[in-house]
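Architecture and fold: a report
One-letter residues, chain by chain:
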Amino acid sequence: MRLNLNQLAIFAKVIECGGFSAAGQVLFLSQSSVSKQVQNLEIALRTQLVDRSGPKIRPTLAGEVLLAQSREVLALADQAVEAVHAATLLRQEPLVIGCTSTVGGHFLPSVLRELRRREPTAQFSVAVGTADGLAEALEEGRTGIALSGGPLPPGRYRSERLAEEEMVLVCPADHPLAGRDVAPADLTGETFLLREAGSQTRRQLADLLHRWELTGARTLDLWGTEGVREAVRIGLGVGLVPRRAVRLELRHGELAELTVHPAPDRRTVLASWTLARPLTAYEQVLLPLLREAARVTAGV
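Residues numbered from 1 in each chain as written. Predicted model: local features only at pLDDT ≥ 70, side-chain atom pairs only at ≥ 80, totals over all residues. Heavy atoms only, no water.

1. Some thoughts on the overall build of the protein
The following threshold applies: A run of H or I in DSSP becomes a helix once it reaches four residues, and a run of E becomes a strand once it reaches two; helices and strands are each numbered from the N terminus. The globule rule used for comparison is 2.2 Å times the number of residues to the exponent 0.38, while the radius of gyration itself is calculated over C-alpha atoms. Under the scheme applied here, a residue whose accessible area is under 20% of the maximum for its type counts as buried, over 50% as exposed, and between as partly exposed, the area being computed with a 1.4 Å probe on protein chains only. Residue contacts follow a heavy-atom distance rule, with two residues in contact if any of their heavy atoms lie within 4.5 Å. All accessible areas in this document rest on Shrake-Rupley with a 1.4 Å probe, and a residue is counted as covered only by the protein chains that are shown.
Assigned secondary structure in the protein consists of eleven helices and 13 strands. Here the C-alpha atoms of the protein give a radius of gyration of 29 Å, more than 25% beyond the 19 Å that 2.2 N^0.38 yields for 300 residues. Principal-axis analysis of the C-alpha atoms places the extent of the protein at approximately 90 × 45 × 30 Å. The buried share of the protein, taken over its 300 residues, is 42%. Pairs at least 24 residues apart make up 74% of the contacts formed inside the protein by residues separated by at least 6 positions. When the accessible surface of the protein is summed, it comes to about 16,100 Å², and 52% of that surface belongs to carbon and sulfur atoms.

2. Regarding helix α6 (residues 108-118)
The α-helix advances 3.6 residues per turn, and as a result positions three or four apart in sequence lie on the same side. Put simply, the rule is: Regarding the arc, it is the one traced by the directions from the helix axis to the C-beta atoms.
Those residues of α6 lying buried are Leu108, Val111, Leu112 and Leu115. One face of α6 carries all of its buried residues, which in axial projection span an arc of 100°. For α6, exposure combined with an orientation more than 90 degrees from the buried face picks out Arg113 and Arg117.

3. Some points on a nonpolar patch on the surface
The following threshold applies: Here, patches come from residues exposed beyond 30% relative accessible area and free of salt bridges, joined within 9 Å for like charges and within 5 Å for nonpolar side chains (Val, Leu, Ile, Met, Phe, Trp, Tyr). Any carboxyl oxygen of Asp or Glu within 4 Å of a side-chain nitrogen of Lys or Arg constitutes a salt bridge here.
A cluster of nonpolar side chains, contributed by Leu220, Ile234 and Leu236, occupies part of the molecular surface with about 250 Å² of accessible area. If you trace the backbone, Leu236 turns up in the loop between α9 (224-233) and β11 (238-242). A relative accessible area of 42% places Leu236 in the partly exposed class.

4. Observations concerning the sheet that holds strand β9 (residues 191-194)
So the rule is basically this: Following DSSP output, two strands are said to pair if at least two bridges run between them.
The strand order across the open sheet formed by six strands is β8-β12-β7-β11-β9-β10, and the pairing between neighbours is mixed. A single partner strand is all that each edge strand has here, and the edge strands are β8 (181-182) and β10 (218-221). Bridge count between β9 and β11: two bridges; the pairing is parallel. Within β11, the position partnered with Phe192 by the bridge is Val238.

5. Re the sheet that holds strand β6 (residues 157-165)
Filter applied, for reference: For every element, the axis is a line fit to its C-alpha atoms; helices are fit only across the contacting stretch, and the angle between N-to-C directions ranges from 0 to 180 degrees.
In spatial order, the strands read β4-β3-β5-β13-β6; together these five strands make up an open sheet with mixed pairing. Either end of the sheet is taken by a strand with one partner, and the two such strands are β4 (124-128) and β6. When the angles between neighbouring strand axes are averaged without regard to direction, this sheet yields 20°. On top of the sheet, α6 reaches β3 (95-99), β4 and β5 (145-148); it is set at about 165° to β4, its chief contact.

6. Observations regarding helix α8 (residues 200-211)
Applied cut-off: Every helix has an expected span of 1.5 Å times one less than the residues it contains. The term polar contact refers here to a pair of N or O atoms within 3.5 Å; inside protein, the definition further demands a hydrogen-donor-capable atom paired with an acceptor-capable atom, and it admits residues adjacent in sequence only when both atoms are side-chain atoms.
A rise of 1.5 Å per residue sets the reference length of α8, with its twelve residues, at 16 Å; its end C-alpha atoms lie 17 Å apart and thus fit the reference within 8%. For α8, every residue scored as buried is listed here: Gln200, Thr201, Gln204, Leu205, Leu208 and Leu209. Between the side-chain oxygen of the N-cap and the backbone nitrogen of Thr201 there are 3.1 Å, and the N-cap of α8 in question is Ser199. Residue Glu213 follows α8 closely and has a positive phi angle near 60°.

If you want it as structure tokens, here you go:
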């Protein structure tokens, strides 16, 4: 035989509420209706589930066993309903992936290519924002999955470490300190190129300047990794960027690395996903693709 989920849920509510009448009030059913459903369940299982002899009903031994199992069964049923709703959303709304600008520019494209190959009809877009903006979007369920180069502010989401990125301080190729090991004091006269407000790279460079005792150094505000990279190339200053963002420029001699001690910390790339709603089917496809891309990156 197969259990009737509706009868199972009513039975569990009766035990939880301590009576048929109390359960009926919660379920918006009459006492007789609730009693009849539990009785039908007992008939189907050919055993008594509820001891009705005292002033307050309680489960029999068989009822206790069924109650313990029913919690798991009903939870699985709820998950199935959520999965169906997620699949429905899949065909109604495009996949929106949140990310910070640096991660979006250098980690995400290969993932999107693989997603397009596997799901050619998928409609997706990338929403670039600050860490605070991504946390808010996850908190509200507007974005299901977000990528960031560091921890996000607390919220209703889970995070998973995907990879680590090496951060480098770069300078023009003809800089007098290019190719040399330098101490922070050697950088006293430099202009440091800062990312936009809210950028995790900006915070990291500000922390570095504090550690290097260069908090009074000249700075210049720019936008995005590309802006910093181009400004360094034409000699406006030195900047902190992920190594992957300037790999070609370093290889072809367009930029040079400043090897400073203590060196910049590596940056963690995180995937975070919302708890405000179930993940859609496309979002469930995306998470393993992100993990695979991280493994490939680690092997390069």
